[in-house]
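# Inside the fold
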Amino acid sequence: MGFLRPLNPPIRSWDGQRVWIVGASSGIGAALARALAGRGAWVALSARRRDALEEVAASCGGEALVEPMDVTSPADFERVRDRLLAAWGRLDLVVFNAGTYRPLRAGELTPAVIRETLHTNLIGMMDGVAAVVPLFTRQGRGGVALVGSVAGYGGLPKATVYGPGKAALINFAETLYLDLAPAGVSVFLVNPGFVATPLTAQNDFTMPALMTPEAAAEAMLAGFARGDFEIHFPRRFTLVLKLLRLLPRRLYFALIHRLTGL
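This text gives an overview of the structure that appears in the document. (Residues numbered from 1 in each chain as written. Predicted model: local features only at pLDDT ≥ 70, side-chain atom pairs only at ≥ 80, totals over all residues. Heavy atoms only, no water.)

## Quick notes on the overall build of the chain
Worth spelling out the cut-off: Numbered from the N terminus, helices here are DSSP runs of H or I no shorter than four residues, and strands are runs of E no shorter than two. Between the two quantities, the radius of gyration covers C-alpha atoms and the globule rule is 2.2 Å times the number of residues to the power 0.38. When checking whether two residues touch, look at their non-hydrogen atoms; a contact exists if any pair is within 4.5 Å. Charge counting treats Lys and Arg as positive and Asp and Glu as negative, with His and both chain ends excluded. By convention, charge coordinates are those of NZ in Lys, CZ in Arg, CG in Asp, or CD in Glu.
For the chain, the count of helices and strands is 8 helices and 7 strands. Scaling as 2.2 N^0.38, a compact globule of 262 residues should have a C-alpha radius of gyration of about 18 Å, and the chain matches this with 18 Å. With respect to the principal axes defined by its C-alpha atoms, the chain has extents near 55 × 50 × 30 Å. Sequence separation of at least 24 residues holds for 66% of the intrachain contacts in the chain that already meet a minimum separation of 6. If you average the places of the 27 positive and of the 21 negative side-chain charges in the chain, the two averages end up 8 Å apart.

Written out as structure tokens, the structure is:
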């Protein structure tokens, strides 16, 4: 039946797939690059630090393309896109994984941190999508994957800027899907829970259901294989957060305080 079909064409074979990972120098992005390279994908790695990218490329077998860039520069997205097309002839999937995070209480907000976080986590990702969507619509195929966070599901302590940015990214992905699915372009929204990365290492509280980057990468690949629109993990944690959003606000706030201890 039509309503039971996957929302995206499932990706089960990665052999020869051209995948550009933006935010590939550590954590989930680096683990995903290694997992894809091991399955035969052609992988391009982008982030600001060339040295870190070269280390990841070496761990991928040395075949990955290294393309440093700054996600806050729209011109960088266009430059790297054109270089990859020149090298590969096409792009099949772009994974927008770049992000920054600073745990902040409301009284710690500053204009500089607000702008830095939103420019990297939201505006930069939108700029990147703008650089590749015309290409994919001309091809009539391809896909974008936006890495959000369960912090976008609802208000959480210390996610004062990070959470709203991820909530906006979730809305952006949903809107993209409505526009691009009829054109044959896939849109994947990836909402991880807590993953052990340099960013989450800043947290000073117990992170429930903490995952390794490698486990997160495998969960992403499983979601791509199912053709999911939203790929969220670990489900024993993410489903609880989804259910909490259905509760009255008074109960939601009380339970979030109890769960986080903050």
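## Re the sheet that holds strand β6 (residues 186–192)
Stated formally: Pairing between two strands is assigned when DSSP locates at least 2 bridges connecting them. Lines fitted to C-alpha atoms define the axes here, with helix axes fitted over just the stretch in contact, and angles between the N-to-C directions of these axes take values from 0 to 180 degrees.
An order of β3-β2-β1-β4-β5-β6-β7 is seen for the 7 strands of this open sheet, with the pairing classed as parallel. A strand with exactly one partner marks an edge of an open sheet, and here the two such strands are β3 (65–66) and β7 (230–233). Note that strand β4 (residues 93–96) and strand β5 (residues 143–147) share 4 bridges and pair parallel. Across the sheet, the residue bridging to Phe96 is Leu146, located in β5. On top of the sheet, helix α1 (residues 27–38) reaches β1 (18–22), β2 (42–46), β4 and β6; it is set at about 165° to β1, its chief contact.

## Digging into helix α4 (residues 111–139)
Because an α-helix packs 3.6 residues into every turn, residues spaced three or four apart end up facing the same way. We count it as follows: A helix is expected to reach a length of 1.5 Å times the quantity of its residues less one. The angle separating two fitted axes, one through the seven residues that finish at a residue and one through the seven that start at it, defines the bend at that residue.
Over its 29 residues, α4 runs 41 Å from end to end, which matches the ideal 42 Å to within 8%, given 1.5 Å per residue. The largest bend along α4 measures about 45° and falls at His119. At the exit of α4 stands Gly140, carrying a positive phi of roughly 75°.

## Considering the nonpolar core
For the record, the criterion: Here the nonpolar core consists of buried residues drawn from Ala, Val, Leu, Ile, Met, Phe, Trp, Tyr and Cys, with membership extended through side-chain atoms lying within 4.5 Å. Whether a residue is buried, partly exposed or exposed follows from its accessible area with a 1.4 Å probe, protein chains only, as a fraction of its type maximum: under 20%, in between, or over 50%, in that order.
Counting residues in hydrophobic clusters, the biggest one holds 44 residues, and the most contacted among them are Trp20, Phe96 and Leu146. The dominant element in this core, judged by the number of residues it contributes, is α4, at 8 residues. Leave out the neighbours within four places in its chain, and Phe96 touches Val22, Phe77, Met125, Gly128, Val129, Val132, Val144, Ala145, Leu146 and Val147. One finds Ile11, Ala33, Val43 and Ala145 within the second-largest nonpolar core, a separate group that totals 38 residues.

## Structural notes on the pairing of β4
Defined as follows: With its strands directed away from the observer, a crossover is right-handed exactly when the path from the first strand over the helix to the second travels clockwise.
Here β4 shows two buried faces, one formed by Leu93 and Val95 and the other by Val94 and Phe96. Direction of pairing for β1 relative to β4: parallel, over a ladder of 4 bridges. Bridged to Ile21 within β4 is Val95. In this view, the connection linking β4 to its parallel neighbour β5 by way of α4 has right-handed handedness.

## Some remarks on helix α7 (residues 235–244)
Threshold: The arc in question is the one traced by the directions running from the helix axis out to the C-beta atoms.
When α7 is considered as a whole, its buried residues turn out to be Phe237, Thr238, Leu241 and Leu244. Along the axis of α7, the buried residues cluster in a sector spanning 120°; they form a single face. Opposite its buried face, α7 presents the exposed residues Arg236 and Leu243, each directed more than 90 degrees away. Packed against the buried residues of α7 are β6, β7 and α8 (249–260).

## Section: the side chain of Lys166
Cut-off, in case you're wondering: Here, a salt bridge means any side-chain nitrogen of Lys or Arg that lies within 4 Å of a carboxyl oxygen of Asp or Glu. Polar contacts, as used here, are pairs of N or O atoms within 3.5 Å; protein pairs need one atom able to donate a hydrogen and one able to accept it. Residues neighboring in sequence count only if both atoms are side-chain atoms.
Looking at the secondary structure, you find Lys166 in helix α5 (residues 162–180). In this structure Lys166 is buried but unpaired, with Glu230 as the nearest side chain of opposite charge at 12 Å. Within the structure, the side chain of Lys166 is placed 3.1 Å from the backbone oxygen of Val147, a separation counted as a polar contact.

## Things to note about the pattern of salt bridges
Oppositely charged side chains may form a pair once their charged atoms are brought near each other. Under the criterion given, the structure shown has 13 salt bridges. For Asp82, the salt bridge is made with Arg81, and the minimal N-O distance between the two is 2.9 Å. The exposure class of Asp82 is partly exposed, given its relative accessible area of 40%. Glu230 is the salt-bridge partner of Lys242, the closest N and O atoms lying 2.9 Å from each other. Residue Lys242 is located in helix α7, and its partner Glu230 is located in strand β7; the two are separated by 12 residues in the primary sequence. For Lys242, a relative accessible area of 28% puts it in the partly exposed group.

## As for the pairing of β2
A large share of β2 lies buried, amounting to 4 of its 5 residues. Sheet topology places β1 next to β2; 5 bridges connect them, and they run parallel. Along β2, the bridge assignment pairs Trp20 with Ala44. Assessed by its sense of winding, the connection that carries the chain from β1 through α1 to β2 is right-handed.

Any link to function would need more than the numbers given here.
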